[in-house]
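Commentary on secondary and tertiary structure
As a plain string of letters, each chain reads:
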Amino acid sequence: MFSERERERYKRQMMLFGDEGQERLKKAHIFVAGAGGLGSPVSIYLAVAGVGTITIVDMDLVDQTNLNRQILHFDRDIGKKKTASAEEKLREINPDITVKAIDVKIDETNAAGLVGEADGIVDAMDNYPTRYLLNEVAIAKEIPLFHGGIYGFYGQATTIIPGMTPCLKCIFPKAPPMEVFPVVGVTPGIIGTVQANEVIKYLLGSGELLTNRLFIWDGMQTRAEEICVERNPACVACGGMGEKITARKKK
Amino acid sequence: MTVKIRFFARFRELLGTDIMTDVAAGTMFTPLITTITQKNPEGYAAIFDEKGAFCEFVILMKNGKRIDIADAAKTPVVDGDEIAVFPPVAGG
């Protein structure tokens, strides 16, 4: 059921997917890992779309150097916890959703518990070790992982449905070295919006997801390309998983 | 015979992309990329380690199919092949 305010707020998108679609968004719980460059546009667009519960996790404080891209945070927030800043903005953006902001470092001891009963994980991280952890949690819980990554004017995204598509380890078996990466704010803006668009389509159950394809964005040439990606049957993270799902379906 | 080499992200910044190059019959994947990248020392260093092997995180593809780094030295390229070389981008 929707309040009058919600009906007005979502009027233009309910023209697309009706009460049923909006209800699906409202019932959904999405876990956004990171409140930085990618996490900002992802969480803002999920919030305005009416995704009912958004959990957003980050461990950092807002720094002046974040502000060229992390549009959830304002100049006045410098020194504040990113989660506090994110929670405040998202609640103002849409008071009809639930926002849970958790100030913690995601690690192997807490990742599964933090994700909890969420319907999907958005990878808005800035490093591969944590991404691999989220990948494992997505596989264990059999929920999608919406991957995004950026560097400078370049970005990549893919939607991972465990057991059906390659997982992050199938596509990127080895992490690149850690570095302070250059970035212009529009790049996470573009990639984060692609991720949010994927989440919305997944929750609605409509359209064609960015599965089995790696979307590659070149902002210098304004060119989007894609590369087919395949599962690795010997993958250390998801190898053999399809068999498990097939076996379960046969029962 | 001619093959097309496509670099992505940082590799593209350093080396350009859509490089059409003539190769002799029997040329293998690794020496081809080595030759092309040696024209730009920074580009070479981004893709190969100090022993001249592909850095372990580099993704190699031939005509949309993944080539394992361990197999690249014995994978031949043939006329019309499209080769892609890219790094996972890590920022968020």
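First, a word on scope: everything that follows refers to the structure included in this document. In this text the structure is predicted, and so the values were computed from the model without any measurement. (Residues numbered from 1 in each chain as written. Chains lettered and ligands numbered in written order. Predicted model: local features only at pLDDT ≥ 70, side-chain atom pairs only at ≥ 80, totals over all residues.)

Structural notes on the nonpolar core
- Core analysis: the largest hydrophobic core is formed by 89 residues, its most contacted members being A:Ile30, A:Ala33, A:Ile54, A:Ile121, A:Val122 and B:Val85.
- A total of seven residues in this core trace back to one element, the largest contributor, which is helix H8 (residues 186-204) of chain A.
- Dropping the residues within four chain positions of it, A:Val122 is found in contact with A:Ile30, A:Phe31, A:Val32, A:Ala33, A:Val42, A:Phe146, A:Gln195 and A:Val199. (Core = buried A, V, L, I, M, F, W, Y, C linked by C-beta atoms within 7 Å. Buried ≥ 20, exposed ≤ 12 C-beta atoms within 10 Å, placed from the backbone. Helix = DSSP H or I, 4+ residues; strand = E, 2+ residues; numbered from the N terminus. Contact = placed C-beta atoms within 7 Å.)

Structural notes on the sheet that holds strand S5 (residues 145-151) of chain A
Residues and elements named next belong to chain A.
- Here eight strands make up an open sheet; going across it, the order is S3-S2-S1-S4-S5-S6-S7-S8 and the pairing mixed. Of all strands in the sheet, those with a lone pairing partner are strand S3 (98-103) and strand S8 (223-228), marking the two edges. When strand polarity is set aside, the average angle formed by the axes of neighbouring strands in this sheet is 15°.
- Sheet strands touched by helix H6 (residues 128-141): strand S1 (29-33), strand S4 (120-123), S5 and strand S6 (154-160). Its angle to S4, the strand with the most contacts, is close to 165°.
- Across the sheet, H8 touches S1, S4, S5, S6 and strand S7 (213-218), and the angle it forms with S5 is around 170°. (Pairing = 2+ DSSP bridges. Axes fitted to C-alpha atoms, helices over the stretch in contact; angles between N-to-C directions.)

Things to note about the packing of helix H3 (residues 39-49) of chain A against helix H4 (residues 82-93) of chain A
Residues and elements named next belong to chain A.
- Remark: H3 packs on H4, axes separated minimally by 9 Å, with the N-to-C direction vectors making an angle of 30°. The angle between the axes of H3 and H4 places the two elements in the roughly parallel class. For the pair H3 and H4, the sense of crossing is right-handed. Along the contact surface, H3 presents Ser43, Ile44, Ala47 and Val48, while H4 presents Ala86, Leu90 and Ile93.
- For the contact of H3 with H4, the class distribution of residues is six nonpolar, one polar and no charged. (Parallel < 35°, antiparallel > 145°, perpendicular 65-115°, else oblique. Left-handed = near helix turned anticlockwise from the far one by under 90°. Nonpolar A, V, L, I, M, F, W, Y, C, P; charged D, E, K, R; others polar.)

Structural notes on the pairing of S1(A)
Residues and elements named next belong to chain A.
- A large share of S1 lies buried, amounting to four of its five residues.
- Bridging between S1 and strand S2 (residues 53-58) involves five bridges; their strand directions are parallel. Bridged to phenylalanine 31 within S2 is threonine 55.
- Chirality of the crossover, the property in question, places the unit of S1, H3 and S2 among those that are right-handed.
- Where S1 and S4 come together, four bridges link them in parallel fashion. Within S4, the position partnered with alanine 33 by the bridge is aspartate 123. (Right-handed = clockwise from strand over helix to strand, strands pointing away.)

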